[in-house]
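What follows is each chain in one-letter form.
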Amino acid sequence: MFVVDVLRQAVESIGASLFRALLTMLGMIIGVAAVVTMVSLGTGAQRAVEEQMEALGADILAVTNSQRRFWGVALENSSLGSDDALALRRDGRHLGAVVPKITQRLQLEFGNRNARVEMVGTTSEYAPLHRYELAMGRMFVPAEEQARLRVAVLGSEVPERLETSAGELLDRNVQLAGTPFKVIGVMEEAGSAGMQNPNDDVLIPLPTAQYRVTGSDRLDSMDVQIKEGSAVEQALVDIERILRREHRIRPGEDNDFGILDRRQFLEVRQETARIFALLLPAIAGVSLVVGGIGIMNIMLVTVAERTREIGVRRAIGATRGAIMWQILVESSLLCLLGGLLGVACGWAVSELLAQFFNWQTVVAAEAVLFGLGCSLAIGVVFGLWPARRAATLDPIEALRHE
């Protein structure tokens, strides 16, 4: 009964000055909302990096052309060719699939509509290697590559950019840099990886890109899969050994190609996102402390206003512990209510950021519990001094108070 009475009196006390209570809770509402929003942003950033790592593949290395500098300008050294891909497939002991690529920004036309897209000349292994799924149609096959057929598979965003539907484009001809291509498939939406957005790609057979579009057998890069059971270091040695031999690079000379483990960059981004996920709530926590100070000040004012009431209660037998509990419960209840409102506001702000700014946010249960736990703890900590002050009032002096 004691607990019920204390809670009832706390609710009545808060309800008696509801507007002041709302102003008192404002700092707590803002603080908890900021914490929930920042945690959701940090969690969303981590989730985005994890999706990017999944999109890149956990076992894929990128072999690229190296860069040379001429009069201070970085120029790409086009050293990679189709023979290099064949050599890696043939001699790589720790290598799985080898997928060469040519990429170029080109104009895609369908009727009187056009869009700037990323042309990717590659092989039929490209989609399975990157775990891309087809929404409709199919991927081109090796026979179509060898025949240099003009067939294309579109990324999921391409139909929308052409202001049409995927179904309308399937089995129809589009113009890529003025050359007609038959659309044989449309991919499902895939997660982007940094600046690489596969949803904007138009995939065509590699020989078709080399001899019908670019007019060159040079490659821009190769995606190389690490064979199951092999280490990254073994695959790196394999690639370097084979390509140095193919390019006739003498001992002591620099490589004319680069090998990139793109996961390293994403791991750095993941660590950065993790730091922000910890740092941002800590910064937002300052608002909670400010809100706690506001709660303490109001509770001190409340104790001063209710000095005579406290004196009466002490005179009729209330103990110091009961008085202290009363003030502590009021302080904690104010903070808890502010925390609940703050969680609702933080959740709403996270949804608005996701909807209007396309930021990835994840409101996790941990963030909600953390915000409510902090608000309750602040209510107890900052309510102790007013509660102790109320409990130590002299009953006689309190009764004389006007």
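Data block above holds the structure.
Definitions and limits used
- Residues numbered from 1 in each chain as written.
- Predicted model: local features only at pLDDT ≥ 70, side-chain atom pairs only at ≥ 80, totals over all residues.
- Heavy atoms only, no water.
- Core = buried A, V, L, I, M, F, W, Y, C linked by side-chain atoms within 4.5 Å.
- Buried < 20%, exposed > 50% of the residue type's maximum accessible area, 1.4 Å probe, protein only.
- Helix = DSSP H or I, 4+ residues; strand = E, 2+ residues; numbered from the N terminus.
- Contact = heavy atoms within 4.5 Å.
- Axes fitted to C-alpha atoms, helices over the stretch in contact; angles between N-to-C directions.
- Parallel < 35°, antiparallel > 145°, perpendicular 65-115°, else oblique.
- Left-handed = near helix turned anticlockwise from the far one by under 90°.
- Nonpolar A, V, L, I, M, F, W, Y, C, P; charged D, E, K, R; others polar.
- Arc of directions from axis to C-beta.
- Pairing = 2+ DSSP bridges.
- Salt bridge = Lys/Arg side-chain N within 4 Å of Asp/Glu carboxyl O.

Q: How should the nonpolar core be read in this particular structure?
A: Note on soluble globular proteins: their nonpolar side chains tend to be buried together. Ranked by internal contacts, the top residues of the largest apolar core, which has 40 residues, are Leu88, Leu176, Val202 and Met222. If you tally residues by element for this core, the top one is strand S4 (residues 95-110), at six residues. In this structure Leu176 touches Leu106, Gln107, Leu108, Val117, Met119, Phe181, Val202 and Ile204, once residues within four positions along its chain are discounted.

Q: So what exactly am I meant to see when it comes to the packing of helix H12 (residues 320-357) against helix H13 (residues 365-391) here?
A: Pairs of packed helices are described in terms of their axes, by the angle between the two and the distance that separates them. Two elements in contact, H12 and H13, have axes whose closest approach is 7 Å; the angle formed by their N-to-C orientations is 150°. Classified by the angle their axes make, H12 and H13 are roughly antiparallel. Seen from above, H12 lies across H13 with right-handed handedness. Residue composition of the contact of H12 with H13, grouped by class: 20 nonpolar, six polar and two charged.

Q: Sorry if this is basic, but what is going on with helix H3 (residues 82-91) here?
A: Residues spaced three or four apart along an α-helix face the same direction, because each turn holds 3.6 residues. Within the sequence span of H3, burial applies to Asp84, Ala85, Ala87 and Leu88. Projected down its long axis, H3 carries its buried residues within an arc of 160°, all on one side. For H3, exposure combined with an orientation more than 90 degrees from the buried face picks out Asp83 and Arg90. Looking at the buried residues of H3, the elements they touch are S4, strand S11 (221-226) and helix H9 (232-246).

Q: Can you walk me through the pairing of strand S7 (residues 151-154) in this structure?
A: Alternating positions in S7 separate into two faces, Val151 and Val153 on one and Ala152 and Leu154 on the other, with burial throughout. As paired elements, S7 and strand S9 (residues 179-187) share four bridges and run parallel to each other. When the bridges of S9 are listed, Val151 appears paired with Lys182. Two elements, S7 and strand S10 (residues 201-205), share two bridges in a ladder whose sense is antiparallel. Within S10, the residue paired with Val153 across the bridge is Leu203.

Q: Hey, could you run me through the pattern of salt bridges in this one?
A: Using the criterion set out here, one finds 10 salt bridges in the structure. In this structure, the salt-bridge partner of Arg161 is Asp200, at a minimum N-O distance of 2.4 Å. Placement of Arg161 in helix H6 (residues 158-161) and of Asp200 in the loop between S9 and S10 is noted, with a sequence separation of 39 residues between them. Among the ionic pairs, Arg218 bridges to Asp217, the shortest N-O distance being 3.6 Å.

Q: Mind showing me how you'd approach the packing of H3 against H9 here?
A: One way to put it is that H3 packs onto H9 with a least axis distance of 10 Å and a crossing angle of 135°. Between H3 and H9, the angle is such that the two are oblique. Judged by the twist between their axes, the crossing of H3 over H9 is right-handed. Contacts from Asp84, Ala87, Leu88, Arg90 and Asp91 in H3 reach Ile239, Arg241, Ile242, Leu243, Arg245 and Glu246 in H9. Tallied by class, residues from the contact of H3 with H9 come to five nonpolar, no polar and six charged.

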